[in-house]
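Descriptive structure summary
Residue strings, one per chain:
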Amino acid sequence: MPQSPKPNSRQWRGVLREYSDRLNISDATPIVTLGEGGTPLIPAPALSARTGADVHVKFEGMNPTGSFKDRGMTMAISKGVEHGAKAVICASTGNTSASAAAYATHAGIQAVVLVPEGKIAMGKLSQAIAHNAQLLQVQGNFDDCLDIARDLATNYPVHLVNSVNPDRIEGQKTAAFEVVEVLGDAPDIHIVPVGNAGNYTAYHRGYTEDLKAGNSTKLPRMFGFQAAGSAPIVLGHAVKDPDTIATAIRIGNPASWELALNARDDSDGWFGAIDDAKILEAHRILSAEVGIFVEPASAISVAGLLERAEAGAIPAGARVVLTVTGHGLKDPQWALRTADGSDVQPTVVPVDTPAIADLLGLRANAEATA
Ligand SMILES: *Cc1c(COP(=O)(O)O)cnc(C)c1O
């Protein structure tokens, strides 16, 4: 059985224990946690200065497997185990498989993950394998993987933990609770990357529940961004061969499409599309000016903010929260790519202090030369 932390421990206890009264769990639910949630909400003065808004970044790369997927996975695996699951299955663009693998192995059950061949970042593939998942690369795209995972879960004894599993979105709504706790109210605008649109839906649900509970005074406008080569919701139709460097949102037929449209309408929200060059530019701004390292899909929140600010759609002083969904170490190669497409080459120097000082443009202190 999982051990509970001591009552006076200041360690964050994971989202199921922290929000047990706001989730559909009971004493019969075995809590499978790696301590997910409790991620920092970081003020971003550099982005505030660029936009005239009051910008904060919810850094979900700080979750145990490096993405927000852990919030939903603790719930989905805990409920699955409660109902006797011995194996779980998911289709994934990478982070769901890393998370499912970690939580399943922690619970002592098997994870099976289906990923599109050649289209997932090395860091994520390594995680799933390290955590002992049975990983199959399907010769198709994410949407094909999800169809197969659903078929298998319907007809064989494996439990589906994709975001079509309602427990996932329930667990993910806790991120909105955390934002409201830190800010003391909901923000005016909340921006998220959109793939299957489960996270967009989850934030809106969390904010709605907070408003009803009297914890906040407003619903944020939900802004969601898709990559231009993979923007079914923006286009209004499924995309057969979605294409973008932001592999985590390379999805042509979002599972939570309807739910997300409802959330948009209810919150006076917005869906926009951003091309890969703008995503990479935003990636550089976030790492070089704010100090937060994310994977490309996450940077679309920043790109979306900049695009909306340029369009005049962000009122001066508006409080804006950007969710950045996954850690930069998942897919680090993009940090080395310059704007013209070549790779950064770190400068090589000899073991020679004066030569290095010279190169750095440093002049010796007065005492050193006296
Ligand atoms: C899963 C994922 C997304 C997309 O979230 P959805 O709920 O599918 O819209 C975005 N960024 C990262 C890093 C992800 O892992």
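Let us look at the structure shown here. These figures come from a predicted structure and were not determined experimentally.

Now for the site of the ligand. Around the ligand lies a shell of 15 residues, among which Lys 69, Asn 95, Asn 196, Ala 197 and Thr 325 are the nearest. Between the ligand and Asn 95 there is a distance of 2.7 Å, counted from an oxygen atom to a side-chain nitrogen or oxygen. Interatomic distance of 2.8 Å between a backbone N/O atom of Gly 195 and an oxygen atom of the ligand. Burial of the ligand by the protein chains amounts to 97% of its free accessible area of 380 Å². Residue composition of the shell around the ligand, by class: six nonpolar, seven polar and two charged.

Moving on, we come to the sheet that holds strand β6 (residues 159–160). Pairing within the open sheet is parallel, and its four strands lie in the order β5-β4-β3-β6. Of all the strands in the sheet, just β5 (134–138) and β6 have a single pairing partner and so form its edges. In the sheet, strand β3 (residues 87–91) pairs with strand β4 (residues 110–116) via five bridges, with the strands oriented parallel. Looking across to β4, one finds that Ile 89 is bridged to Val 112. Sitting on the sheet, helix α4 (residues 95–107) touches β3 and β4, and the angle it makes with β4 is about 170°.

Moving on: the sheet that holds strand β10 (residues 319–324). The six strands lie next to each other as β1-β2-β10-β7-β8-β9, forming an open sheet whose pairing is mixed. Bordering the open sheet on either side are β1 (41–43) and β9 (270–274), each of which pairs with just one other strand. With direction set aside, neighbouring strand axes in the sheet form an average angle of 25°. In this sheet, strand β2 (residues 54–59) lies alongside β1 in antiparallel orientation, the contact comprising three bridges. Bridge pairing in β2 links Ile 42 to Val 57. Its contacts with the sheet put helix α8 (residues 174–183) on β1, β2 and β10, and the angle it makes with β2 is roughly 135°.

Calculation rules
Residues numbered from 1 in each chain as written. Predicted model: local features only at pLDDT ≥ 70, side-chain atom pairs only at ≥ 80, totals over all residues. Heavy atoms only, no water. Near = heavy atom within 4 Å. Polar contact = N/O pair within 3.5 Å; in protein donor to acceptor, adjacent residues only side chain to side chain. Areas by Shrake-Rupley, 256 points an atom, 1.4 Å probe, with all protein chains shown as cover. Nonpolar A, V, L, I, M, F, W, Y, C, P; charged D, E, K, R; others polar. Pairing = 2+ DSSP bridges. Helix = DSSP H or I, 4+ residues; strand = E, 2+ residues; numbered from the N terminus. Contact = heavy atoms within 4.5 Å. Axes fitted to C-alpha atoms, helices over the stretch in contact; angles between N-to-C directions.

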